[in-house]
Amino acid sequence: MPGRRKSDFSLRSVPVAMMPGERFAEFLRAGGKRLTSQRRWIVEQVFSHHDHFDADELMGHLAELISQRKLSRATVYRTLNELVEAGLLRKMTLGGRSVYEHEYGYPSHDHLYCQSCNRLIEFHSVALERLRDAVAREHDFQVLSHRMFITGYCAICRRAGGE
């Protein structure tokens with residue numbers, strides 16, 4: 001419609017007290033572990049940009065280190081699990097595969113999920129949060145967090161396949 005503003009569903013930044021690598025090092029120390037160079041390489045790669053990824057995609061980015069035997073696949077999987085335990089990453093199962101996204105320092109958000117190409121579109125909605133809070137109040141429920149996935153087909157897949 002002419003003159004109508006598009007809604008702002010963009011994600012806002014979240015201030016953090018520590019960088020992800022520092023927070024991970026603190027988590028490891030609390031468990032009697034060290035931030036090894038292998039773990040550091042993984043954390044640096046994971047937090048170098050924001051994207052949803054699976055372990056195979058991460059290993060593709062770390063392929064040179066893996067081929068030089070400076071890093072093992074087992075270490076990548078173990079470190080991903082530790083990053084989830086530390087609250088730095090969130091693990092989701094989509095289309096039968098484990099997908100990771102940033103949790104620490106990343107705002108609360110929801111997803112549109114294309115079940116054809118597995119594309120994830122992130123959005124934030126104040127109206128949805130108000131509805132969530134109203135329903136929680138009605139049921140005397142304390143909200144800690146929420147996660148919503150709306151499944152369907154993205155515009156590209158609909159055009160390509162007539163969905």
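It should be emphasised that the depicted structure is a prediction, and the values quoted were computed from it without experimental measurement. (Residues numbered from 1 in each chain as written. Predicted model: local features only at pLDDT ≥ 70, side-chain atom pairs only at ≥ 80, totals over all residues. Heavy atoms only, no water.)

A.B. asks: Account for the pattern of salt bridges, with residues named and values stated.
C.D. replies: Taken as a whole and judged by the stated rule, the model has seven salt bridges. In this structure, the salt-bridge partner of R39 is E82, at a minimum N-O distance of 3.0 Å. Linking R39 in helix α2 (residues 37-46) with E82 in helix α5 (residues 73-85), this pair joins segments that are 43 residues apart in sequence. Here the two residues R39 and E82 agree in accessibility, since each one is buried. Put simply, D54 and R97 hold a salt bridge, and the shortest N to O gap is 2.7 Å. Here D54 is found in the loop between α2 and α3 (55-61), whereas its partner R97 is found in strand β2 (residues 97-102), with 43 residues between them in sequence. One continuous salt-bridge network, built from bridges that share partners, spans K33, R39 and E82. (Salt bridge = Lys/Arg side-chain N within 4 Å of Asp/Glu carboxyl O. Helix = DSSP H or I, 4+ residues; strand = E, 2+ residues; numbered from the N terminus. Buried < 20%, exposed > 50% of the residue type's maximum accessible area, 1.4 Å probe, protein only.)

A.B. asks: Describe the environment of K70, naming the residues involved and giving the relevant values.
C.D. replies: With respect to the helices, strands and loops of the structure, K70 is situated in the loop between α4 (63-67) and α5. On the accessibility criterion, K70 (42% relative accessible area) is partly exposed. Taking C-alpha positions, K70 is 34 Å from P15, a pair spaced 55 residues apart along the chain. Once you skip the residues sitting within four places of it in the chain, K70 turns out to touch Q38, W41 and L65. (Contact = heavy atoms within 4.5 Å.)

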